[in-house]
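# Architecture and fold: a report
Chain by chain, the residues:
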Amino acid sequence: MKKLFFLLPVFCFANLLFAQQEFPKQPVLTDAQKVYGLSKMCTEVKYNYVYYDKLTFDWDSLCMAAIPEVLATKDAFSYVNVLRNLAAKLGDGHTSVSWNNNNLRVSPLPFITLKYGNRIFVNEVYSKALKEKGIVKGAEILKINGKSAYDYGKENIMPYTAASTPQWRDYYSFSSFELTKGLQPDEITIEYKEPDGKVKTLTTNRLTQKWDDQDIRETFHFKVLPSNVGFLRITTFNDNGMNKKFDAIYDEIKSTDALIIDLRNNGGGNSSYADYILRHFTEVPFKSNQWSSPMYIPAHASWNYPKEWYLQAPQLNRPVNKEIYTKPVIVLINAGTFSSAENFCSQFLGMNRGKLVGTATGGSTGNPIYMNLIDDVASIIICTKKDVMPDGSEFVGVGIKPHVEIEETANDFLNNKDVVLEKAIELIRK
């Protein structure tokens, strides 16, 4: 059970290419389909959701209350949103409902946003046309469809965001692609302020916007900073070739006198890849996370046995059979450090290898099971696995806190100043 996948439904550039295609008609759902999809979701959550026993509300009552809501929906998009809102009430970052994009074609405008306080800024832009209109890094999004960008996000995005911590709900809703997401042909109006202070308004839709200015998202970014400090940004653990890619840069890493690993905004992937990298930074075996998952045996249920669990004690990860990097290491984290990236941090702490710097992680991991609810309309992932740190401490629902907390401000962002990295450099040079 070593190679477990920790999936994150966040940024999939392939799905965004739907914006270049003709928009299909939404499927028409019968009342029977609406109720069946809801009932399947509610039943599967009861049997598979690893934190079901921790719910502080009656799940059956919520499901019953959702029946008239789903029956009243006028289209498939609205129907799926009712299920998404219901799943979000479970309060788990790895338990969520998604649209089937082949039919519903839901996408954002081609840019990522960031939030500082109640202010929303443009971060990365993937459209030449939008850049020409002044929607560039550092532009501030003032309003969306007539509402302040912050209020729009609170009302239209946050209620559907699956999250086990406030920091992840805030991050995912405002510091990703989510803020402008919607049906592709639907009109959206953005009021924004360019970096030079000019206020402009753009009315468009997601169908006509081209994603024609994208860079390849590399798994690793490595460079050497002054004083021979290595800087390694790992953008994902969801790259089947990342072990070989890491091997290709390891000699460069070994030649540095200290290393900063940047896991900010790393949404996770496969924990075995995280383990592989960590195995290069210790000369002694280190423990993996402990985990557990509920078991259901019908005969035992008929005899009123208490709930049974499969328990997996921490396993030992052994150092790689090559020269080990024993110099100082610091890891940078934030609310976007999620899933198997948090597993990396958890085990890094267990190794007592160095400090974490930044802000608390997203606070969610697990091995979700995927289930189709209605063909070509909706699906669900449900967290089936409870992870705790090697010492038994819980981080799901809390987040992993840094040794040194430092948070970027709007002025830092606008001045292209990375105060988190600067702090890490200061610490590692000591």
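Residues numbered from 1 in each chain as written. Predicted model: local features only at pLDDT ≥ 70, side-chain atom pairs only at ≥ 80, totals over all residues. Heavy atoms only, no water.

## Regarding helix H3 (residues 59–72)
At 3.6 residues per turn, the α-helix brings residues three or four places apart onto the same side. When the terminal C-alpha atoms of H3 are compared, their 21 Å separation across 14 residues agrees well with the 20 Å that a helix rising 1.5 Å per residue should span. The largest bend in H3 is about 30°, located at Ala66, with the proline Pro68 one to four residues further on. All of the buried residues in H3 are Trp59, Cys63, Ala66 and Val70. In this fold, the buried residues of H3 make contact with helix H2 (31–48) and helix H4 (76–88). Where H3 starts, the residue carrying a side-chain oxygen 3.0 Å from the main-chain nitrogen of Asp60 turns out to be Asp58. (Helix = DSSP H or I, 4+ residues; strand = E, 2+ residues; numbered from the N terminus. Expected span 1.5 Å × (residues − 1). Bend = angle between axes of the 7 residues up to and from the residue. Buried < 20%, exposed > 50% of the residue type's maximum accessible area, 1.4 Å probe, protein only. Contact = heavy atoms within 4.5 Å. Polar contact = N/O pair within 3.5 Å; in protein donor to acceptor, adjacent residues only side chain to side chain.)

## Things to note about the packing of aromatic side chains
Two measures describe an aromatic ring pair: the distance that separates the ring centres and the angle between the ring planes. Summed over the entire model, instances satisfying the criterion amount to 19 aromatic pairs. Ring geometry for Tyr126 against Trp211: centres 5.9 Å apart, planes inclined by 20°, an arrangement best described as stacked. Of this pair, Tyr126 sits in the loop between strand E5 (119–125) and helix H6 (128–132) while Trp211 is found in the loop between strand E10 (199–205) and strand E11 (220–225), placing the two residues 85 residues apart along the sequence. Take Tyr126: its relative accessible area is 7%, and that puts it in the buried class. What makes Trp211 buried here is its relative accessible area of 7%. (Phe/Tyr/Trp six-rings, centres within 6.5 Å; stacked < 30°, edge-to-face > 60°.)

## Section: the side chain of Asn289
You can see Asn289 is positioned in the loop between strand E15 (286–287) and strand E16 (290–295). At 2.7 Å, the side chain of Asn289 and the side chain of Ser346 are in polar contact. With sequence-adjacent residues up to four places away left out, Asn289 is seen in contact with Pro314, Asn343, Ser346, Gln347, Asp387, Val388, Met389, Pro390 and Phe395.

## Let's talk about the state of the cysteines
Disulfide: a covalent bond connecting the sulfur atoms of a pair of cysteines. One pass over the structure, following the stated rule, counts one disulfide. Cys383 provides the cysteine sulfur closest to Cys345, a residue in no disulfide bond, and the two sulfurs are 18 Å apart. Here Cys383 stays free of any disulfide, with the sulfur of Cys63 as its closest cysteine sulfur at 18 Å. (Disulfide = S-S within 2.5 Å.)

## Let's talk about the sheet that holds strand E24 (residues 404–405)
What the six strands build is an open sheet, ordered E11-E12-E13-E19-E20-E24; its pairing is mixed. Edge positions in the open sheet fall to E11 and E24, since each of these has one partner strand only. Taken together, the four bridges between strand E13 (residues 258–262) and strand E19 (residues 329–333) define a ladder with parallel strand orientation. In the sheet register, Ile261 faces E19, and the bridge partner there is Val331. Along the sheet, helix H14 (residues 419–429) contacts E11, strand E12 (229–234), E13, E19, strand E20 (354–358) and E24; its crossing angle with E19, the most-contacted strand, is approximately 165°. (Pairing = 2+ DSSP bridges. Axes fitted to C-alpha atoms, helices over the stretch in contact; angles between N-to-C directions.)

## A word on the confidence of the model for the chain
For the chain, the mean per-residue pLDDT works out to 93, and 94% of the residues sit at or above 70. Across residues 1–20, where pLDDT falls below 50, the model places 65 contacts with residues more than four positions away in sequence or in other chains. (pLDDT = per-residue confidence, 0-100.)

## Points about the pattern of salt bridges
Here the structure, examined in full by the defined rule, presents 22 salt bridges. Between Lys200 and Glu194 there is a salt bridge whose closest N-O contact spans 2.9 Å. With relative accessibility at 11%, the residue Glu194 sits in the buried group. Its salt-bridge partner being Glu394, residue Lys386 comes within 3.1 Å of it at the nearest N-O pair. Because the salt bridges share partners, they merge into one network encompassing Arg233, Asp262, Arg264 and Asp418. (Salt bridge = Lys/Arg side-chain N within 4 Å of Asp/Glu carboxyl O.)

## Comments concerning the environment of Leu142
You can see Leu142 is positioned in strand E6 (residues 140–144). Between the alpha carbons of Leu142 and Val199 there is a distance of 8.8 Å; along the sequence they are 57 residues apart. Not counting chain neighbours up to four residues away, the residues in contact with Leu142 comprise Lys147, Ser148, Ala149, Glu191, Tyr192, Lys193 and Val199.

## Some words on unusual backbone geometry
Of note in this structure, Asn352 is not a glycine but carries a positive phi near 55°. In this structure, Asn416 is a non-glycine residue whose phi angle is positive, near 55°. Assignment of secondary structure puts Asn416 in the loop between helix H13 (410–414) and H14. On the basis of relative accessible area, Asn416 is assigned to the exposed category, the value being 67%.

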